[in-house]
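So you can see what is in the structure, the chains are spelled out below.
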Amino acid sequence: MKQETFLPDDYRPAESEPFMNERQVEYFRRKLLAWRSELLAGSKDTIESLQDGTRNIPDVTDRASEETDRALELRTRDRQRKLVSKIDAAMRRIDEGEFGYCSVTGEPISLKRLDARPIATMSLEAQEKHERREKVHRDD
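The structure reproduced in this document is the subject of the present report. (Residues numbered from 1 in each chain as written. Predicted model: local features only at pLDDT ≥ 70, side-chain atom pairs only at ≥ 80, totals over all residues. Heavy atoms only, no water.)

When its secondary structure is counted, the protein chain shows four helices and zero strands. For the protein chain, the sequential pattern of α-helices and β-strands runs α-α-α-α. Its C-alpha atoms give the protein chain principal-axis dimensions of about 65 × 50 × 25 Å. Out of the 140 residues in the protein chain, the part that is buried amounts to 31%. For the protein chain, the computed accessible surface area is about 10300 Å², with 51% contributed by carbon and sulfur atoms. Looking at the protein chain, you have 27 positive and 30 negative side-chain charges, and the mean spots of the two groups are 3 Å apart. (Helix = DSSP H or I, 4+ residues; strand = E, 2+ residues; numbered from the N terminus. Buried < 20%, exposed > 50% of the residue type's maximum accessible area, 1.4 Å probe, protein only. Areas by Shrake-Rupley, 256 points an atom, 1.4 Å probe, with all protein chains shown as cover. Lys, Arg positive; Asp, Glu negative; His and termini not counted. Charge placed at Lys NZ, Arg CZ, Asp CG, Glu CD.)

Within the structure shown, the criterion is met by nine salt bridges. Arg29 is the partner of Asp95 in a salt bridge, and the nearest nitrogen-oxygen pair spans 3.3 Å. Placement of the pair is Asp95 in helix 2 (residues 60-96) and Arg29 in helix 1 (residues 22-52), with a sequence separation of 66 residues. Here Arg29 falls in the buried class, since its relative accessible area comes to 18%. The residue Arg77 makes a salt bridge to Glu73 at a minimum N-O spacing of 3.1 Å. Here the residue Arg77 and the residue Glu73 both occupy positions in helix 2, the gap between them amounting to four residues, near one helical turn. With relative accessibility at 27%, the residue Glu73 sits in the partly exposed group. Each of Glu26, Arg29, Arg30 and Asp95 takes part in a single network of salt bridges with overlapping partners. (Salt bridge = Lys/Arg side-chain N within 4 Å of Asp/Glu carboxyl O.)

A word on helix 2. The end-to-end C-alpha distance of helix 2 is 54 Å, a good match for the 54 Å that 37 residues give at a rise of 1.5 Å each. Burial in helix 2 covers these residues: Glu66, Arg70, Arg77, Gln80, Leu83, Val84, Ile87, Ala90, Met91, Arg93 and Ile94. Immediately downstream of helix 2, the backbone of Gly97 shows phi near 75°, a positive value. (Expected span 1.5 Å × (residues − 1).)

Turning our eyes to something else, we now look at the nonpolar core. Met20, Phe28, Leu32, Phe99 and Leu114 are the most contacted members of the largest nonpolar core, which has 23 residues in total. Looking at this core, the elements that each hand over two or more residues are helix 1, helix 2 and helix 3 (111-116). In terms of residues, this core owes the most to one element, helix 2, which gives six residues. In contact with Leu32, other than residues within four places in its own chain, are Ile87, Ala90, Met91, Ile94, Phe99, Pro118 and Ile119. (Core = buried A, V, L, I, M, F, W, Y, C linked by side-chain atoms within 4.5 Å. Contact = heavy atoms within 4.5 Å.)

All quantities given are derived from atomic positions and should not be read as evidence of function.
Encoded structure:
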């Protein structure tokens, strides 16, 4: 079994370190796990509130408002469910030693980008190129 890497509470990955060293990998692993736990806890709360929230509201306007709120909450949770899948994929990339590298170019993704969006699979340049290409094809 792999020994746990020591990581100070105030640790932040730095460009001066070797890219994706043990400490950086552990930092992103913990960040992803915390984000995943937060999303799953929110989903659990939503399920409980939806189960408890079934009540008979006589006023049509109030009922419509509550249904709109529920629909919005469900859409939000669906987006978060997809986000959990992306977090799981990032965790697999960590396990396979591929985390932090662009899926298009194979180059390292900047630490700033990974810190802001740890599920990123492309470098900023590759992502921008992809989005421009997507926009061109979408306008056809």
